[in-house]
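If you want the building blocks of each chain, they are given just below.
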Amino acid sequence: MANTARPSGTTTALTIAEMAFELLTCEPAPLVFDARPVPGLPDRTMPLNELRKLVLFERYDSDTTDALWRQLAHHARDWGPAWVVGAIGVALPALTHLAAKVSRGNARHADDVDSEVLAGFLHGLRTADLEPPRLWLRLCWAAWRAGVSVVKGTDTEELPLDLTSGSRLPSLPYGHPDLLLGRAAAAGVISAEAAELISATRFGDGLIEQLAAEQGVTASSLRMRRRRAERAVAAAVQRGDLAGPARATARRTTAMAA
């Protein structure tokens, strides 16, 4: 089982969610998930704690990830509280990692960050458009934005990687493109929707034409929207606005002394 608890036995919203998930998945009658309709997953049913281990340690493409979270979200919406707890439980390793990133350097806010990360993910689980592309990333964005709202105005880290969609080695000085976009959105340089658009079409497998059709706009207008957002990010990079916390602090100190 993944370790989702904070040090020293601290009780937070996320650790309480983990305890509820453990009760839900313990013998003799654990809650089981039918993985057969999800392409890429084993063709059988399995307890939710087994599903969590599977998605934590295996790499699946975006089609499998979208189908998995679409099914979990439908269960959470249609089949009652047990499936809400179950879906949250499957996401807990990622949510705990995300909350820890937001709380780094802001330990006094850790409990509130945990609560808001969980609330943000739950809101996304209940209200997000479940159609592809990148449903899992959009759910993580909802959790991230909620967590960052607690420490807004202080230095925060970037949006962590989508754990189930694979990863690429980060490049200096700003890291993985998704991390840079997460920092840009958290800083208000671009909107979260613009960050998702760039991420899906530049670094994922989303097509402008497909997204435009889903949103009821023309492909050319969506390309223009993406171009404006990319220019805003590029300008922020050139100014140094998206550098790490230490460099950002140094810039503020220099500006104050000037």
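What you see is a predicted model; the values in this text were computed from it and never measured. (Residues numbered from 1 in each chain as written. Predicted model: local features only at pLDDT ≥ 70, side-chain atom pairs only at ≥ 80, totals over all residues. Heavy atoms only, no water.)

A word on the nonpolar core
Membership of the largest hydrophobic core comes to 64 residues, with the highest contact counts inside it found for Phe 33, Trp 69 and Phe 121. Per-element accounting of this core gives the leading share, twelve residues, to helix α4 (residues 81-103). The residues touching Phe 121, leaving out its near neighbours within four places in the chain, are Trp 69, Ala 87, Ile 88, Ala 91, Leu 95, Trp 136, Leu 139, Ala 142 and Ala 143. Leu 197, Ala 200, Ala 212 and Ala 219 belong to the second largest nonpolar core, which has seven residues in total. (Core = buried A, V, L, I, M, F, W, Y, C linked by side-chain atoms within 4.5 Å. Buried < 20%, exposed > 50% of the residue type's maximum accessible area, 1.4 Å probe, protein only. Helix = DSSP H or I, 4+ residues; strand = E, 2+ residues; numbered from the N terminus. Contact = heavy atoms within 4.5 Å.)

Notes on the layout of surface pockets
By rolling a water-sized probe across the atoms, one finds the places where empty space is left. Reported here for the largest pocket is a volume of approximately 570 Å³. Surrounding the largest pocket, 24 residues form its lining, Asp 129, Arg 138, Glu 193, Glu 196 and Gln 215 being those nearest its centre. When residues of the lining of the largest pocket are traced back to their parent elements, those giving at least two are α5 (110-127), α6 (135-150), α8 (192-203), α9 (208-215) and α10 (219-239). With five residues, α8 is the single largest residue contributor to the lining of the largest pocket. In the lining of the largest pocket, the residues fall into ten nonpolar, five polar and nine charged. (1 Å grid on protein atoms, 1.4 Å probe; cavity = no way out; pocket = protein on both sides within 12 Å on 5 of 7 lines; lining within 4 Å. Points joined across faces, edges and corners; volume = space filled by probe spheres on them. Nonpolar A, V, L, I, M, F, W, Y, C, P; charged D, E, K, R; others polar.)

As for the pattern of salt bridges
Evaluation of the coordinates by the stated rule reveals four salt bridges. Where Arg 52 meets Glu 18, a salt bridge forms, and the shortest distance between an N and an O atom there is 2.9 Å. Taken as a pair, Arg 52 in helix α2 (residues 48-57) and Glu 18 in helix α1 (residues 13-25) lie far apart in primary sequence, 34 residues in all. In this structure, the salt-bridge partner of Glu 196 is Arg 145, at a minimum N-O distance of 3.8 Å. One end of the pair, Glu 196, is in helix α8; the other, Arg 145, is in helix α6, with 51 residues separating them in the sequence. Look at Glu 196 and you get buried, because its relative accessible area is 17%. (Salt bridge = Lys/Arg side-chain N within 4 Å of Asp/Glu carboxyl O.)

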